[in-house]
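# Examining the three-dimensional arrangement
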Amino acid sequence: MPFFSSGSKDSLKKFYDKDPKVLGSGNFAKVYKATVKNDHEVKKPDGTFEKLPKGMLVAIKDIDKAKVEDMNDITREIEVMEQIEPHRAALDVIEERIAGIESTLADAAERRDAALAVVDAELAVDEAHRVELAEAVDPGLLATYEELRARLGGVGAAVLDGRRCMGCHIELPSADAQVIRGAPESDVVTCTECGRILIR
Ligand SMILES: [Zn+2]
C-alpha cells in the first residue's frame, strides 16, 4: 500500500474516500486508510509519476497538530520519509505546514526588531543628552572623565555613599574620606582606591 497524502483537505476530499477510523496516531499526525475516488497521478521525488487508479487502497497521513515545538520532529520525520517513503505528495503537506510555522517565526522576529528599534531610538536620545551635558563641563575634567570611563568599564564617576565609593564598592579609610569631604565644593576629588571622580 503506497504511502501518500495531498496538499490540502479539499484535494484530499476530491481524490480520496477517507475511512474515519484512525489506524495510528503520533505526536502531530494521524494515519487513515483511504480509497482512491478518481484516477490520477502523483509526482514522485525522482520526477516520475505514479498512477493511482480508482479503487486503490492508500494510507493518508493527516498532520493536524503541527506547532512550533514540533518543528524538529517534523523535520526529522521528513528526513526519515525521504529515505523510506519517497513520495512527493506526502512531503508537500508537511512542507506547507512548515511554511506556516516559519511565517509565525518571521512575525516574532519582526516584533523583536520593532522593539529593538525603539530601544535604539531611546539610546540615541540618551546619547544626545549626554553630549549636551558634556559640552557644559570643563574640557580638562571631561577628558579625565572620558579617560577613566574608557579604562574602568564605562564608569568614570561614582557616588560617595558614606565612606564607600559606589564605583569600586570599597570603603575608603576614614582619613581619606575626611579629606574628600573637607575639600572645597569646586575641587574635583577622586577615589583613592579606583581613581574614579567622586560625586559628593
Ligand atoms: Zn572607588
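## Some points on the overall build of the chain
The helix and strand tally for the chain stands at five helices and eight strands. Starting at the N terminus and walking to the C terminus, you meet the elements of the chain as α-β-β-β-β-β-α-α-α-β-β-α-β. Across the 200 residues of the chain, 12% fall into the buried class. Contacts in the chain between residues at least 24 apart in sequence constitute 52% of all its contacts with a sequence separation of at least 6.

## Side note on the sheet that holds strand S6 (residues 157-161)
Note on sheets: strands pair through backbone hydrogen bonds, and any given pair is parallel or antiparallel. The strand order across the open sheet formed by three strands is S7-S6-S8, and the pairing between neighbours is mixed. Looking at the sheet topology across the chains shown, the edges are occupied by strand S7 (164-165) and strand S8 (197-199). Two elements, S6 and S7, share two bridges in a ladder whose sense is antiparallel. Bridge pairing in S7 places Asp-161 opposite Arg-164.

## Side note on the nonpolar core
Core analysis: the largest hydrophobic core is formed by five residues, namely Ala-158, Cys-165, Leu-172, Cys-191 and Leu-198. When sequence neighbours within four positions are dropped, the list of residues in contact with Leu-172 reads Arg-163, Cys-165, Ala-177, Cys-191, Thr-192 and Glu-193.

## Regarding the confidence of the model for the chain
Confidence in the prediction for the chain averages 76 pLDDT; 70% of positions are at 70 or higher. Within the chain, no element has a lower average pLDDT than helix H2 (residues 71-84), which sits at 62, and none a higher one than S7, at 95. A low-confidence stretch, residues 1-6 (pLDDT under 50), is modelled with 24 contacts involving residues beyond four sequence positions or located in other chains.

## A closer look at helix H4 (residues 139-151)
The end-to-end C-alpha separation of H4 is 18 Å, in line with the 18 Å expected for 13 residues at 1.5 Å each. Across the 13 residues that make up H4, only a small minority, one, are buried. Count one or two residues on from H4 and you reach Gly-153, which has phi positive near 65°.

## What about unusual backbone geometry?
Residue His-169 is not a glycine yet carries a positive backbone phi of 65°. Counting through the fold element by element, His-169 comes out in the loop between S7 and helix H5 (174-182).

Each value, and the rule that gives it
- Residues numbered from 1 in each chain as written.
- Predicted model: local features only at pLDDT ≥ 70, side-chain atom pairs only at ≥ 80, totals over all residues.
- Helix = DSSP H or I, 4+ residues; strand = E, 2+ residues; numbered from the N terminus.
- Buried ≥ 20, exposed ≤ 12 C-beta atoms within 10 Å, placed from the backbone.
- Contact = placed C-beta atoms within 7 Å.
- Pairing = 2+ DSSP bridges.
- Core = buried A, V, L, I, M, F, W, Y, C linked by C-beta atoms within 7 Å.
- pLDDT = per-residue confidence, 0-100.
- Expected span 1.5 Å × (residues − 1).

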